[in-house]
Amino acid sequence: MLSKNSVIILGLIALVGLSGCAGATGGLEIAAQDAETTAFGNVEVTATVENTADDREQGDLYCEVIVSGKVYDQTQRIAVDGNSRQAYTMAFDIPLSDYNEGGEYRCELK
């Protein structure tokens, strides 16, 4: 389910980048994902979703951020035109007090 093993250092926080595409919908798949920490300590996860089918496809993009054992998650209904890519960004408001151990993130299509 999880395949990417890169480590991304973001400001004072180390987020272990994990990507997964379990449950891909139709021609939709996650082509890339990244995370950034804003100046206010929020985490923004961006997933680029590719549609390899000829027709417009819809699905649910689920992303989660785990920091200090706490899970922050969001689901967004998405639609991508045929044979194209589209980037989606989800913002997570995480208290600065939770940044004591680093964290990880992942996105998947459901």
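Preceding this paragraph is the structure being described.
Residues numbered from 1 in each chain as written. Predicted model: local features only at pLDDT ≥ 70, side-chain atom pairs only at ≥ 80, totals over all residues. Heavy atoms only, no water.

1. Quick look at the overall build of the chain
Note the threshold: Where helices and strands are cited, they refer to DSSP runs of H or I of at least four residues and of E of at least two residues respectively, numbered from the N terminus. Note on classification: 1.4 Å probe, protein chains only; a residue is buried when its accessible area is under 20% of the maximum for its type, exposed when over 50%, partly exposed between these limits. In this description, contact between two residues means that some pair of their heavy atoms is separated by no more than 4.5 Å.
Counting its regular elements, the chain contains 0 helices and 8 strands. If you list the helices and strands of the chain from N to C, you get β-β-β-β-β-β-β-β. Across the 110 residues in the chain, those meeting the buried criterion constitute 41%. A separation of at least 24 residues holds for 61% of the contacts in the chain among residues at least 6 apart in sequence.

2. A closer look at the side chain of Glu-64
Inclusion rule: Between N or O atoms, a polar contact is any pair within 3.5 Å; within protein, one atom must be a potential hydrogen donor and the other a potential acceptor, and residues adjacent in sequence are included only when both atoms are from side chains.
Looking at where Glu-64 falls in the secondary structure, it is placed in strand β5 (residues 57–67). The buried category is assigned to Glu-64, whose relative accessible area is 10%. In terms of polar contacts, Glu-64 uses its side chain to reach the side chain of Tyr-62, at 2.7 Å. Of the polar contacts made by the side chain of Glu-64, one reaches the side chain of Arg-106; its length is 2.9 Å. The contact partners of Glu-64, leaving out residues within four places of it in the chain, are Val-71, Tyr-72, Asp-73, Glu-104, Tyr-105 and Arg-106.

3. Here's the deal with the pairing of strand β6 (residues 70–80)
Here is the key point about a regular strand: its side chains alternate between the two faces of the sheet. Convention followed: Two strands pair under a simple rule: DSSP has to find at least two bridges between them.
Looking at chain direction, β5 and β6 are connected through 11 bridges and run antiparallel. The residue bridging Leu-61 from the neighbouring strand is Gln-76, located in β6. Here β5 folds back onto β6 in antiparallel fashion, the turn holding 2 residues, of which Ser-68 has a positive phi close to 50 degrees.

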